[in-house]
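Descriptive structure summary
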Amino acid sequence: MALIPDDHELVELTRAEKVLALGLTIFLLLGGLWVMHQLYRVVPAPSYDGLYQELDRVRAGFSIQEQRLFDVERAAHELEIRAGQLRLEYEFRREEYRTVLDAGKDDPGRKVAYERALVDFEQAQARASTARAVVDEERQRVEELRAQLQAEETAVWEKFRQGQRRHDLLVFLLRLAYVGPVLALTVWAWHRLRMVRSQYLLIGTSLVGFGIIQAVFLVGSYAWTIFRHMAQLAVSIGGSIITVTGMVALKRYVFNPVRLRRARLRKGLCPRCGYHVRPDQAFCADCGERLAVPCRVCQGLRPSGLPICPHCGES
């Protein structure tokens, strides 16, 4: 005698099937994500090495010029300090010689010292002025090299970003070429299992869940990069698509008239208005809907809206 499982066993069996279906989806996702990661490595990523070779040369020249500017500034600073010292010496000799002249005397030694101090001060001042001019020239060269370096860095960075965008686009197209057929195949398999009312429809549901989640992951990975400059438009289009898809799904699978009538009949309700009826009623007491019609084969009464006669089994 075959053992017939009770309701508790049926619930546990259904729960176990759902857990196994979830596990199947997770394992498929692990494999799918591994494939997408490998596709990322197929396309060579842009390299910094080749892009920065010329930039390194400009940086080296800039560093040399900065060091030269530092040396020239230090030398100019030392000359200015020396010119300041000679200025003090010149002013002291000048006042010293003026004091002698104001006293009505003539001191050839102080005059010679004053004249020598004046010559030394003027020469030091000239050397300091020349050094300041050299510093200005070197500073101008440093600024030019800095501007060139910044332009080179901007160009290199823009070239690298272009290469990165090209790389990301190729990876996205490769992943799309993988995810799209997989999603289509899983949806087709689920639809076929559903059409033949297969007992393995739950496996098809796991497959289509894997395909959908993988597609959502792919779109989510690139959504911000692609739509960051038109986020409002993307939200509008995406929201409209989701809303229309939800309305179609509800209309087809939830509020479909045939499905609704059958669901109400299974619950002992009138298929038209949802009023509670008895199995032996021929008409609904609330809306007058005919609940039973004669079978064309055996002439027995069968529930209206159901495809199979419960008496003879004919459709």
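Provided above is the structure to which this section pertains.
Report on the accompanying structure. Nothing here was measured: the structure is a model prediction, and the numbers come from that model. (Residues numbered from 1 in each chain as written. Predicted model: local features only at pLDDT ≥ 70, side-chain atom pairs only at ≥ 80, totals over all residues. Heavy atoms only, no water.)

**Describing the overall build of the chain**
The helix and strand inventory of the chain stands at 6 helices and 2 strands. Beginning at the N terminus, the succession of helices and strands in the chain can be written as α-α-α-α-α-α-β-β. Within the chain, the fraction of its 315 residues that count as buried is 22%. In the chain, of all internal contacts separated by at least 6 residues, the share reaching a separation of at least 24 is 58%. Only carbon and sulfur atoms are counted for the fraction: they give 61% of the accessible area of the chain, which is about 22,600 Å². (Helix = DSSP H or I, 4+ residues; strand = E, 2+ residues; numbered from the N terminus. Buried < 20%, exposed > 50% of the residue type's maximum accessible area, 1.4 Å probe, protein only. Contact = heavy atoms within 4.5 Å. Areas by Shrake-Rupley, 256 points an atom, 1.4 Å probe, with all protein chains shown as cover.)

**Some details on the pattern of salt bridges**
Tallied over the full model, the rule gives 16 salt bridges. Note that arginine 93 is salt-bridged to glutamate 89, the shortest N-O span being 2.9 Å. Of this pair, arginine 93 and glutamate 89 both sit in helix α2 (residues 48-102), separated by 4 residues, roughly a single helical turn. A salt bridge links arginine 98 to glutamate 95; the shortest N-O distance between them is 3.5 Å. (Salt bridge = Lys/Arg side-chain N within 4 Å of Asp/Glu carboxyl O.)

**Some points on the packing of aromatic side chains**
What the rule picks out here adds up to 3 aromatic pairs. For the ring pair tyrosine 90 and phenylalanine 121, a centre distance of 5.6 Å and an interplane angle of 0° mean the geometry is stacked. You can see tyrosine 90 sitting in helix α2 and its partner phenylalanine 121 sitting in helix α3 (residues 108-195), a full 31 residues away along the chain. The class for tyrosine 90 is buried, based on a relative accessible area of 13%. Overall, the relative accessible area of 8% leaves phenylalanine 121 in the buried class. When the ring of tyrosine 97 is compared with that of tyrosine 114, the centres are 5.8 Å apart and the planes differ by 15°; the resulting orientation is stacked. Within this pair, whereas tyrosine 97 is found in helix α2, its partner tyrosine 114 is found in helix α3, the two being separated by 17 residues in sequence. (Phe/Tyr/Trp six-rings, centres within 6.5 Å; stacked < 30°, edge-to-face > 60°.)

**Comments concerning the side chain of arginine 175**
By the secondary structure assignment, arginine 175 is in helix α3. Notably, arginine 175 is buried but unbridged: the nearest opposite-charge side chain belongs to aspartate 168, and the N-O separation is 8.0 Å. At a separation of 3.0 Å, a polar atom in the side chain of arginine 175 contacts the main-chain carbonyl oxygen of methionine 36. Beyond its immediate stretch of four places on either side in the chain, arginine 175 contacts Met36, His37, Leu39, Tyr40, Leu218 and Tyr222. (Lys, Arg positive; Asp, Glu negative; His and termini not counted. Polar contact = N/O pair within 3.5 Å; in protein donor to acceptor, adjacent residues only side chain to side chain.)

**Description of the environment of alanine 131**
Relative to the helices and strands, alanine 131 resides in helix α3. Those residues in contact with alanine 131 that lie beyond four places of it in its chain are Val72, Ala76 and Leu79.

**Some words on the nonpolar core**
Counting 13 residues, the largest nonpolar core has Met36, Tyr178, Val179, Phe210, Leu218 and Tyr222 as the members making the most contacts within it. For this core, the elements supplying multiple residues, two or more each, are α1 (7-42), α3 and α4 (201-227). Those residues in contact with leucine 218 that lie beyond four places of it in its chain are Met36, Phe172, Arg175, Leu176 and Val179. (Core = buried A, V, L, I, M, F, W, Y, C linked by side-chain atoms within 4.5 Å.)

**A look at a nonpolar patch on the surface**
A grouping of Leu22, Ile26, Phe27 and Leu30 is seen on the molecular surface, where their side chains present a nonpolar patch of about 450 Å² in accessible area. Along the polypeptide, phenylalanine 27 turns up in helix α1. (Patch = residues over 30% accessible without salt bridge, like charges linked within 9 Å, V, L, I, M, F, W, Y side chains within 5 Å.)

**Digging into the environment of lysine 18**
Here lysine 18 lies in helix α1. Linking lysine 18 and isoleucine 203, residues 185 residues apart in sequence, is a C-alpha distance of 9.5 Å.

Worth remembering: the numbers are spatial, not functional.
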